[in-house]
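# Observations on the model geometry
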Amino acid sequence: MNRIHERVAQAIAARKAGSRAFRVAIAFALTAALPYAAEAHRPFIVPSETVLARPGWVTFDGAVSNDLFYFNHQPLRLDNLQVLGPDGGLVEITNSNTGRFRSTFDVQLQKPGTYKVALVNNSLNAQYETAAGERRRWRGTVERLGDIPADAKNVQITQQQQRNETFVTAGKPNDVVLKPTGVGLELVPVTHPNDLVAGEPITFKFHLDGKPAQGVEVEVVPGGTRWRDKQNDSKYTTDQDGQITMTWTTPGLYWVEADVRDDKTSVKQAKSRRASYVAVFELLPP
Amino acid sequence: MRSPSFVRFASLALVVIGTSAGVASAAEMNISVELPKLQVAEYHRPYVAMWIEREDQSFVANLSVWYQQKRGGGAGGQGAGESGTKWLNELRTWWRKSGREQTFPIDGVTGPTKPAGIQQVKLTGDKAPLASLAAGKYWLVVEAAREAGGREVVRVPFEWPGKSAQSVTGKGTSELGTVALNVSP
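Bear in mind that the values here come from a model prediction, so they are computed numbers and not experimental data. (Residues numbered from 1 in each chain as written. Chains lettered and ligands numbered in written order. Predicted model: local features only at pLDDT ≥ 70, side-chain atom pairs only at ≥ 80, totals over all residues.)

## Re the overall build of chain A
Counting its regular elements, chain A contains two helices and 19 strands. Per-residue burial over chain A gives 33% buried out of 286 residues. In chain A, 65% of the contacts between residues at least 6 apart in sequence involve partners at least 24 apart. (Helix = DSSP H or I, 4+ residues; strand = E, 2+ residues; numbered from the N terminus. Buried ≥ 20, exposed ≤ 12 C-beta atoms within 10 Å, placed from the backbone. Contact = placed C-beta atoms within 7 Å.)

This is how it looks when you write it as structure tokens:
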């Protein structure tokens, strides 16, 4: 957090130099700070319910915090949010609002089947030193790479592919939205994500760029952390088929996270990549 | 034009159906389910599902599903007319085994909720679903879920059609009382 305070302090100092400079500086401070805040904390999208008997409305909360699933740090930015319906087509997101601690939005499930809610970010992060030797951080898209000064030294660019998902089903589940897109790290459910029952084995497969990803460490944390002393987190490592199998015992919401660091970037200026995946699942009683 | 081989196949199929079904056309199942009277401030009649499972608890057939058919909407009963299918997934076990595969209403299966007391269901071997039920060991499963209340499942084992009359019972502790099943071959 020190880095954020530093940037904000710089921004406030810049205020004296004129209000436009202030606005630019504060925007820079926030964009520079947010990805690191999101990395250190846990992003999540929580549906009001995951299994509906028939088509109807579901409301969602999106936030970033250490505690699952409480809104006490930052709202989730919904800019790159999409909802896919049972036929794979885009579904309208309504009543979006971003508050101090959380974002909310509603989705009308108009047809029976399974829906995927996915927040997908693909960005570049850079660290560099200015010609004067000052350390800087930058975040942006490939089109904005020119923002990094031409005389910058020790430029290190990392490509970030982030995927944050949850699933809901009205009526009979189907699997159209469960097919991976082939970009970044993705969870490919073997057990349907809206058919998770306490005490029954659950199998999930992880894909990296559309292929089974072996040796990925997956962290699972049950919700309700405020009401216990321990995280109760579990770690699993994917096998040669990219799969993990586990049994969850306590009904409730579960947070699943995995990330991969490698050098397989799709942007030539980036020498390293971080592909991360997060999802929230509901485990029902038997 | 049906080829001779198709005719042979069709007649063979008839023979197969003839041996697996109709084994128990005179047999009967009489089910009685006790919906307990509960002293609660807000009582709503429970949703109830009854179905048959194989010995391995795989689903075979629905017998009865009771849910709210129309929304009352006040003293005059001038509600939105919205049926209570919205809450059918609260019969959680049944929803996963069969409910989510269905469209509602289900002919001969679904009906309105019943008041507290003993409810009787009679099924005969000459009609669906028993007419096509192969001889063997099964479970009768009864699940009840109540608005602002709880949920309970009671399982009772039986043999169909069996060699002699069977009388088996199970007992719930909260949302269901005694579940009694009489099977006569």
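## Looking at the interface of chain B and chain A
Opposite the eight residues of chain B that make contact, chain A presents nine residues. Among the residues forming the side of chain B that touches chain A, the class breakdown is two nonpolar, two polar and four charged. (Nonpolar A, V, L, I, M, F, W, Y, C, P; charged D, E, K, R; others polar.)

## Some words on the sheet that holds strand β6 (residues 136–145) of chain B
Residue and element names in this part refer to chain B. Pairing is mixed in the open sheet, where five strands are placed in the order β4-β3-β2-β6-β7. Looking along the sheet, the strands with just one partner apiece sit at the ends: β4 (110–111) and β7 (151–160). Judged from the ten bridges that link them, β6 and β7 form a sheet pairing that is antiparallel. The residue bridging valine 142 from the neighbouring strand is valine 154, located in β7. (Pairing = 2+ DSSP bridges.)

## What to know about the pairing of strand β3 (residues 59–66) of chain B
All names here are of chain B. Burial of β3 is extensive: six of the eight residues sit out of reach of the surface. Sheet topology note: the strand β2 (residues 47–54)/β3 ladder contains six bridges and is antiparallel. The residue bridging tryptophan 51 from the neighbouring strand is asparagine 62, located in β3. Where β2 hands over to β3, the hairpin turn is made up of four residues, of which glutamine 57 adopts a positive phi near 70 degrees. Taken together, the two bridges between β3 and β4 define a ladder with parallel strand orientation. Bridge pairing in β4 links tryptophan 66 to glycine 111.

## Concerning unusual backbone geometry
A cis geometry characterises the amide bond from A:Leu68 onward to A:Phe69, with omega recorded as -5 degrees. Structurally, A:Phe69 can be placed in the loop between β3 (56–65) and β4 (74–75). Along the chain, B:Phe104 connects to B:Pro105 via a cis peptide bond; the corresponding omega equals 0 degrees. Tracing the backbone shows B:Pro105 in the loop between α2 (92–97) and β4.

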